[in-house]
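Residues per chain are reported as follows:
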Amino acid sequence: MKTAIAERIEDKLYQNRYLVDAGRPHITVRPHRSPSLNLLALTRVCPAKCYELNQAGQVEVTADGCMECGTCRVLCEATGDVEWNYPRGGFGVLFKFG
């Protein structure tokens, strides 16, 4: 009997598609001089790796590829560092199951 080879999470995520709503991102980061601890945490815990530090030391978000899991919403809801809304109808992540 063969043992199935475990697939990497990146291989599974690659099968998802994302319909970009050009010019209307559903996530924005509040302007800041230095990032809060929660924003810094997002650079490590976002499963889609949408958050990163830029050269000025500020956290930026690239909403393309967001899985809409809500991690950033939960982590930054109290501080207001991130404004998160669902994408407009027909846009956002398109999960492939199977």
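Quick note: structure is the one above.
Everything quoted here is computed from the prediction, not taken from an experiment. (Residues numbered from 1 in each chain as written. Predicted model: local features only at pLDDT ≥ 70, side-chain atom pairs only at ≥ 80, totals over all residues. Heavy atoms only, no water.)

Considerations on the pattern of salt bridges
Here's step 1: A full pass over the atoms with the stated rule returns 2 salt bridges.
Here's step 2: Arg 88 serves as the salt-bridge partner of Asp 21, at 2.8 Å between the closest nitrogen and oxygen. Of this pair, Asp 21 sits in the loop between β1 (17-19) and β2 (27-29) while Arg 88 sits in the loop between β5 (82-84) and β6 (92-94), placing them 67 residues apart in sequence.
Here's step 3: Residue Arg 88 is classed as partly exposed on the basis of its relative accessible area of 38%.
Here's step 4: The closest approach of N and O atoms between Asp 81 and Arg 30, which form a salt bridge, is 2.6 Å. Taken as a pair, Asp 81 in the loop between α3 (71-76) and β5 and Arg 30 in the loop between β2 and α2 (37-45) lie far apart in primary sequence, 51 residues in all. (Salt bridge = Lys/Arg side-chain N within 4 Å of Asp/Glu carboxyl O. Helix = DSSP H or I, 4+ residues; strand = E, 2+ residues; numbered from the N terminus. Buried < 20%, exposed > 50% of the residue type's maximum accessible area, 1.4 Å probe, protein only.)

With respect to the packing of aromatic side chains
Here's step 1: Per the stated rule, a full pass over the model turns up 1 aromatic pair.
Here's step 2: Ring plane angle 75° and centroid distance 4.8 Å describe the contact between Trp 84 and Tyr 86, whose orientation is recorded as edge-to-face.
Here's step 3: Tyr 86 gets classed as exposed once you look at its relative accessible area, which sits at 60%. (Phe/Tyr/Trp six-rings, centres within 6.5 Å; stacked < 30°, edge-to-face > 60°.)

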